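Take a look at the letters that make up each chain.
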Amino acid sequence: MKKRMVALLTAAAMLVVLGGCSSSSQSEKDGAGKPEEKKEEAGGAEATGELQTVKVVMPRDIECLDDMAMWIGDSQGYFEEQGLKLEMISGSNPSDIQMVSTGQADLACPSPNVTMAQIEAGVPVKIVSGYDAINIYGFSAVNGKGIDTWEDLKGKTIALGDASWESIAAPTLIAAGLDPEKDVEYVVNGDSRYQMVSEGQVDVLFTWISEYEQLKGMGYDFNYLDGSEILEVFGASWVAGTDFFDEKGETLQKFLYALQKSIYFMYLNPEAAADITCNQFPEIEVEWDGALGCANGRVGQALGVEGSLEEYFVDEVGVGYMSDEAWNTVIDNAVKAGVIKEKLNVEDCYSDELLPELLSDEDKADAEADAEAYQCTSKVYESAH
């Protein structure tokens, strides 16, 4: 059994930027970040002929910074190399899972707790790969408000994006020795939640690493109680309907292989990842430090490891792998939190049967060249330089 790595790297270890982002002339900007020529084969997969659309539904509005790896793969041609065309769809929990179960979408990326509740209810889906290698969830409060430890959360109000987040927050609260039903009060206030915490209308923000790093970069004076320090599980995971899993396994492998290459690019050049996403959604109001903070957070979420991140790209661990040991911890905590009524078998929830091969040397070199050559062009980047 492969060994799962669970500790979050320091920011210094995450920032292995080959080329960073540099200023460029207008003529250079017109082609910045675009692959001049891509191979016909990648990871053993032909990328000729008509592209096959893969519909990916996210449990939120896709107009955000969190899906950087998707936009890297789209802009750099990594999905196209695999013969795929990416279609991103805005959704919510648990409707995203129900969409993949009925074939309205091919893949979703919710928390495993939300997925397990649907599996227990008989929804025909299966988790096929990890996306966040660690417990990404945590809690933030305004510095100086006296909410600095897990014990300080008792009796406080906690801001959630929607009601389904209760099942995501509960296991970490329980690991901290709190009773989610008695010790805290949830307040559902959607996209305004971090403003409400900043203004003192709600005590605590339920958040995750990349969002916290983004908010910190935007000037919010929040602290962070890191759930990965008390509960070593994993975060969001890729979910497919059982029909898609059974009938289109090759397509799923191609998607995951392209995603692995995109994550490698993001690891090599977080600045480029931030810039690509800011160009994708120029209407998002964010400062460069916030966008870059989100990119660094996304790297930490996807590749939280002890030691070198290279283990995910050159050794046997592999991006997306989740061990049975980690899965049993997730299942046990879901039972404790009341997310599911009875303990599920790992094989009922997850299969690593279709995880892709590790990146080939050729594709690693290709991503390295792309990351080194990338030049930032977003207005967000230029306003800060």
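Residues numbered from 1 in each chain as written. Predicted model: local features only at pLDDT ≥ 70, side-chain atom pairs only at ≥ 80, totals over all residues. Heavy atoms only, no water.

Side note on the overall build of the protein
In terms of regular secondary structure, the protein is built from 18 helices and twelve strands. A buried classification covers 60% of the 385 residues belonging to the protein. Relative to all contacts within the protein whose residues are 6 or more apart in sequence, the contacts with residues 24 or more apart total 83%. When the accessible surface of the protein is split by element, carbon and sulfur atoms take 43% of a total near 15,800 Å². (Helix = DSSP H or I, 4+ residues; strand = E, 2+ residues; numbered from the N terminus. Buried < 20%, exposed > 50% of the residue type's maximum accessible area, 1.4 Å probe, protein only. Contact = heavy atoms within 4.5 Å. Areas by Shrake-Rupley, 256 points an atom, 1.4 Å probe, with all protein chains shown as cover.)

Observations regarding the environment of Ile127
Relative to the helices and strands, Ile127 is located in strand E6 (residues 125-130). Note: C-alpha distance between Ile127 and Thr115 (twelve residues apart in sequence) is 7.9 Å. Residues contacting Ile127, with those up to four places away along its chain left out, are Pro112, Thr115, Ser237, Trp238, Val239, Met322, Trp327, Cys349, Tyr350 and Ser351.

Some remarks on the sheet that holds strand E12 (residues 237-241)
Strand order in the open sheet formed by five strands is E4-E3-E5-E12-E6, and the pairing between neighbours is mixed. Looking along the sheet, the strands with just one partner apiece sit at the ends: strand E4 (84-90) and E6. Two elements, strand E3 (residues 52-58) and E4, share seven bridges in a ladder whose sense is parallel. When the sheet's bridge partners are listed, Val56 is paired in E4 with Met88. (Pairing = 2+ DSSP bridges.)

Thoughts on the packing of aromatic side chains
Scanning the entire structure with this criterion turns up 17 aromatic pairs. Taking the centre distance of 5.2 Å and the plane angle of 45 degrees together, the rings of Phe139 and Phe206 count as tilted. With Phe139 in strand E7 (residues 137-140) and Phe206 in strand E10 (residues 204-208), this residue pair connects regions lying 67 residues apart in the sequence. Each member of the pair Phe139 and Phe206 is classed as buried. Taking the centre distance of 6.5 Å and the plane angle of 90 degrees together, the rings of Phe265 and Tyr374 count as edge-to-face. (Phe/Tyr/Trp six-rings, centres within 6.5 Å; stacked < 30°, edge-to-face > 60°.)

Some words on the pattern of salt bridges
Evaluation of the coordinates by the stated rule reveals ten salt bridges. Note that Arg60 is salt-bridged to Asp67, the shortest N-O span being 2.3 Å. Assessed through its relative accessible area of 24%, Arg60 is described here as partly exposed. You can call Asp67 buried: its relative accessible area is 0%. It is possible to trace a salt-bridge network through shared partners that takes in Glu81, Lys261, Asp363 and Asp366. (Salt bridge = Lys/Arg side-chain N within 4 Å of Asp/Glu carboxyl O.)

Digging into the confidence of the model for the protein
Mean pLDDT for the protein: 85, with 84% of residues reaching 70 or above. This stretch, residues 1-19, has a pLDDT under 50; its non-local contacts, to residues over four places away or in other chains, come to 54 contacts. (pLDDT = per-residue confidence, 0-100.)

Considerations on the pairing of E3
By the bridge criterion, two bridges tie E3 to strand E5 (residues 107-108) in an arrangement that is parallel. Paired with Val57 across the two strands is Ala108, which belongs to E5.

Looking at the side chain of Arg193
With respect to the helices and strands, Arg193 occurs in helix H8 (residues 193-198). Within the structure, Arg193 has its side chain in polar contact with the side chain of Glu211 (distance 2.5 Å). The contacts of Arg193, once residues within four sequence positions are left out, are Ala159, Leu160, Gly161, Trp165, Leu205, Phe206, Trp208 and Glu211. (Polar contact = N/O pair within 3.5 Å; in protein donor to acceptor, adjacent residues only side chain to side chain.)

Re the sheet that holds strand E11 (residues 225-226)
In space, the five strands of this open sheet follow the order E9-E8-E10-E7-E11, with mixed pairing throughout. Two strands bound the open sheet, and with one partner strand each, they are strand E9 (184-188) and E11. Direction of pairing for strand E8 (residues 156-160) relative to E9: parallel, over a ladder of five bridges. Paired with Ile158 across the strands is Tyr186, a residue of E9. Relative to the sheet, helix H9 (residues 209-217) contacts E7 and E10, its axis offset from that of E10 by approximately 115 degrees. (Axes fitted to C-alpha atoms, helices over the stretch in contact; angles between N-to-C directions.)

Regarding a negative patch on the surface
A cluster of like negative charges, contributed by Asp243, Asp246, Glu247, Asp324, Glu347, Asp348, Asp352 and Glu353, occupies part of the molecular surface. Among the elements of the structure, helix H10 (242-247) and helix H16 (346-349) are those that each provide at least two residues to the negative patch. Position of Glu247 relative to the elements: it lies in helix H10. Taking the relative accessible area as the measure of exposure, Glu247 reaches 64% and is therefore exposed. (Patch = residues over 30% accessible without salt bridge, like charges linked within 9 Å, V, L, I, M, F, W, Y side chains within 5 Å. Lys, Arg positive; Asp, Glu negative; His and termini not counted. Charge placed at Lys NZ, Arg CZ, Asp CG, Glu CD.)

Let's talk about the state of the cysteines
Applying the stated criterion across every chain, the model contains zero disulfides. For Cys278, which is in no disulfide, the shortest distance to another cysteine sulfur is to Cys376 and amounts to 9.0 Å. (Disulfide = S-S within 2.5 Å.)

Examining helix H6 (residues 112-120)
Burial analysis of H6 places seven of its nine residues in the buried class, which makes it a mostly covered element. Listing the buried residues of H6 in full gives Pro112, Asn113, Val114, Thr115, Met116, Gln118 and Ile119. On the buried face of H6, the contacting elements are helix H5 (95-101), E6, helix H7 (165-175), E12, helix H15 (324-336) and H16. Immediately beyond the C-terminal end of H6, within one or two residues, lies Gly122, with a positive phi of roughly 95 degrees.

Things to note about the packing of helix H3 (residues 68-75) against helix H12 (residues 270-280)
Viewed as axis vectors pointing N to C, H3 and H12 meet at an angle of 85 degrees, and their least axial separation amounts to 9 Å. Taken together, the axes of H3 and H12 are roughly perpendicular relative to one another. Contacts between H3 and H12 involve Met68, Trp71, Ile72 and Ser75 from the first element and Ala273, Ala274, Ile276, Thr277 and Gln280 from the second. By residue class, the composition of the contact of H3 with H12 is six nonpolar, three polar and no charged. (Parallel < 35°, antiparallel > 145°, perpendicular 65-115°, else oblique. Nonpolar A, V, L, I, M, F, W, Y, C, P; charged D, E, K, R; others polar.)

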